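# Report on the structure
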Amino acid sequence: MIRFITAEEVLPVRNAVLREGKNLKDDECRFPTDNAADNFHLGYYIKGQLASIASFHPQSYGQFAGNGYQVRGVATIAKYQGQGIGSQLLNFAIVYLQGQKGNYIWCNGRKKAVKFYQGVGFEIVSPEFEIPGTGPHHVLYVKIK
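Residues numbered from 1 in each chain as written. Predicted model: local features only at pLDDT ≥ 70, side-chain atom pairs only at ≥ 80, totals over all residues. Heavy atoms only, no water.

### Some remarks on the side chain of Arg 14
The line we're drawing: Working definition: helices are DSSP H or I runs of at least four residues, strands are E runs of at least two. Numbering for both runs from the N terminus. Polar contact criterion, stated in full: a pair of N or O atoms within 3.5 Å, where within protein one must be able to donate a hydrogen and the other to accept it, and residues adjacent in sequence count only if both atoms are side-chain atoms.
Structurally, the position occupied by Arg 14 is in helix α1 (residues 7-18). Among the polar contacts made by the side chain of Arg 14, one reaches the side chain of Ser 55 at a distance of 2.8 Å.

### Brief notes about helix α2 (residues 85-99)
Convention followed: One fewer than the residue count of a helix, multiplied by 1.5 Å, yields its expected span.
The terminal C-alpha atoms of α2, which comprises 15 residues, lie 22 Å apart, in line with the 21 Å expected from a rise of 1.5 Å per residue. Just downstream of α2 lies Lys 101, where phi reads positive at about 70°.

### Here's the deal with the pattern of salt bridges
Filter applied, for reference: Between Lys or Arg on one side and Asp or Glu on the other, a salt bridge is scored when a side-chain nitrogen of the former is within 4 Å of a carboxyl oxygen of the latter. Classification of residues uses two cut-offs on accessible area relative to the type maximum, computed with a 1.4 Å probe and protein chains only: under 20% is buried, over 50% is exposed, and between them is partly exposed.
In total, this model carries 2 salt bridges according to the counting rule given. Put simply, Arg 14 and Asp 34 hold a salt bridge, and the shortest N to O gap is 2.8 Å. Remark: Asp 34 occurs in the loop between α1 and β2 (40-46) and Arg 14 occurs in helix α1; sequence separation between them is 20 residues. Per residue, the accessibility class of Arg 14 equals that of Asp 34, and both read buried. In this structure, Lys 111 and Glu 128 form a salt bridge, with 3.2 Å as the shortest nitrogen-oxygen distance. Linking Lys 111 in the loop between β5 (104-110) and α3 (114-119) with Glu 128 in the loop between β6 (123-124) and β7 (129-131), this pair joins segments that are 17 residues apart in sequence.

Below, the structure is given as structure tokens:
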């Protein structure tokens, strides 16, 4: 089941998956935009357990016109990876943002996650670049309307 959740609820999953369980303080997994206006977080629950998360905030990118949203912190607990849960979250967000007058979603996707994003319809729009501490990335983009 997909639900809108709070910034606080995403932090343990971000820590476990994106920070590889380094047991960081929750504040070290917090994004500056977590509580920004028009920001939202999605969670996918399986038998009451939060299995996957994604966070979205209004943010334009480069030359793309219209209302852009950046997706950050897409993460699925290890035992649920590869089951399409993250894809379902992104597809839910695309439909939701259509109703919110969103025009596109973009992200700084880790190199190892590029195929995941492409499977949901995203395309690479940047050369590879490095984000210190998290490795190689590409900017990816999907048009909503």
